[in-house]
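Fold and geometry: a report
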Amino acid sequence: MSTDGYAHPERLVSTDWLAAHLSDGTIRVVDVDEDTTAYDQGHIPGAVGWNWATDLHAEVGRDYLDRAALGHLLSAAGVEEDTTVVLYGGNDNWFAAYAYWILRLRGFDRVKLLDGGRKKWVLEDRELTEEVMDYQHTGYTVTGEEHPEIRALRYEMLARTGGEIGLVDVRSPEEYRGERLAPPHLPQEQAQVPGHIPGAVNIPWSQAANEDGTFKSAAELRALYAGQGITGERETVAYCRIGERSSHTWFALTELLGYPQVKNYDGSWTEYGSLVGAPVELGTAS
């Protein structure tokens with residue numbers, strides 16, 4: 001893994017690094033996905049499993065765990081004051097990046113992402129186990145300051161679609177053009193209408209990743225986004241369908257390129273595409 005040129009290379013760890021630190025008592029590995037059968041079938045030794053839908057979301061309403069509940073979740077994973085959490089998952093870290101963003105949002109900053117996620121670990125034929133970890137609760141509480149500045153809400157999207165922000169739709173071109181409501185392997189549901197937010201450019205999240213799931217180099221990422229006018233000189237908002245793919249792009253823009261004003265619109269198209277009267281565009285950008 002080459003981290004040359006990354007703004008915050010410390011936010012990523014390589015598979016080599018993690019393999020060498022699995023017995024380090026200050027490291028806690030967490031497998032995050034929407035389908036936890038992958039964890040059941042084999043995971044990195046010592047890792048706990050988080051279900052994105054049931055572990056990270058509030059029981060009532062569409063929002064995330066508050067700081068107290070997040071502290072309880074981290075405590076159950078054996079996290080202490082000096083613990084660093086390393087997240088990984090499938091789909092080139094879709095939901096691991098989402099969990100990373102949520103932890104940063106709620107004020108937990110001792111978190112890193114495994115570059116390449118489960119894909120790279122498996123491609124390298126590294127050790128997997130089916131042992132389910134059960135760590136002793138530590139009583140940990142989250143004490144860092146929350147970071148609401150990394151989250152975009154719907155009122156901002158309705159008020160600021162005129163071009164003053166860099167708006168990045170990271171979904172597939174088919175979703176962006178309005179031909180699909182979701183990736184082809186998922187049910188075509190949730191949003192009430194197809195299309196994209198006016199003024200958004202389409203830079204699919206996958207263009208930021210290599211074949212092995214790792215992030216592309218800083219130079220490649222900078223060229224990818226600059227080619228669509230996303231240079232870090234203005235506020236940038238990324239969105240997708242439910243916020244997980246846009247978290248991957250948020251990570252690339254924020255942690256790897258160091259762009260200073262990047263938000264993830266986690267309501268994404270599921271929310272925006274169901275708002276009455278919200279402006280919508282179909283097809284390619286004019």
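If you look the chain up in an unreviewed UniProt entry, it shows as Sulfurtransferase from Kitasatospora paracochleata.

Some points on the UniProt feature "domain: Rhodanese" (unreviewed entry) in the chain
With numbering matched to this structure, UniProt assigns "domain: Rhodanese" (unreviewed entry) to residues 23–130 and 167–281. In residues 23–130, helix accounts for 35% and strand for 19%; the two terminal C-alpha atoms are 17 Å from one another.

What to know about a negative patch on the surface
Together, Glu34, Asp35, Asp40 and Glu130 give the surface a local cluster of negative charge. Along the chain, Glu130 turns up in the loop between helix H6 (117–123) and helix H7 (154–159).

Focus on the packing of aromatic side chains
Applying the stated criterion across every chain yields a total of 13 aromatic pairs. The interplanar angle of 80 degrees and the centroid separation of 5.7 Å between the aromatic rings of Tyr64 and Trp101 together place this pair among those described as edge-to-face. Here Trp101 lies in helix H5 (residues 94–105) and Tyr64 lies in the loop between helix H3 (52–55) and helix H4 (67–76), a separation of 37 residues in the sequence. Residue classification places Tyr64 among the buried positions, given a relative accessible area of 5%. Members of the aromatic cluster, connected to one another through ring pairs, are Trp52, Tyr64, Trp94, Phe95, Tyr98, Trp101 and Trp205. The cationic tip of Arg126 hangs over the ring face of Trp121; the distance from NZ or CZ to the ring centre is 5.5 Å. Its end group placed over the ring of Trp94, Arg245 keeps NZ or CZ at 5.5 Å from the ring centre.

Some details on the environment of Asp266
Along the chain, Asp266 turns up in the loop between strand E9 (262–264) and helix H11 (268–272). Each C-alpha atom, one on Asp266 and one on Ala76, is 26 Å from the other, the two residues being 190 residues apart in sequence. Leaving out residues up to four positions away in the same chain, Asp266 has contacts with Arg62, Tyr64, Tyr98, Trp101, Arg151, Ala152, Ile242 and Gly243.

What about the sheet that holds strand E2 (residues 27–33)?
Strand order in the open sheet formed by five strands is E1-E5-E4-E2-E3, with parallel pairing between adjacent strands. Sheet topology places strand E1 (12–13) and strand E3 (48–51) at the edges, where each strand pairs with a single neighbour. Alignment of E2 against strand E4 (residues 84–88), held across five bridges, turns out to be parallel. Bridged to Asp31 within E4 is Tyr88.

Rules and cut-offs
Residues numbered from 1 in each chain as written. Predicted model: local features only at pLDDT ≥ 70, side-chain atom pairs only at ≥ 80, totals over all residues. Heavy atoms only, no water. UniProt positions renumbered as here; feature names shortened; annotations may be inferred. Helix = DSSP H or I, 4+ residues; strand = E, 2+ residues; numbered from the N terminus. Patch = residues over 30% accessible without salt bridge, like charges linked within 9 Å, V, L, I, M, F, W, Y side chains within 5 Å. Areas by Shrake-Rupley, 256 points an atom, 1.4 Å probe, with all protein chains shown as cover. Salt bridge = Lys/Arg side-chain N within 4 Å of Asp/Glu carboxyl O. Lys, Arg positive; Asp, Glu negative; His and termini not counted. Charge placed at Lys NZ, Arg CZ, Asp CG, Glu CD. Phe/Tyr/Trp six-rings, centres within 6.5 Å; stacked < 30°, edge-to-face > 60°. Buried < 20%, exposed > 50% of the residue type's maximum accessible area, 1.4 Å probe, protein only. Lys NZ or Arg CZ within 6 Å of the ring centre and 35° of its normal. Contact = heavy atoms within 4.5 Å. Pairing = 2+ DSSP bridges.

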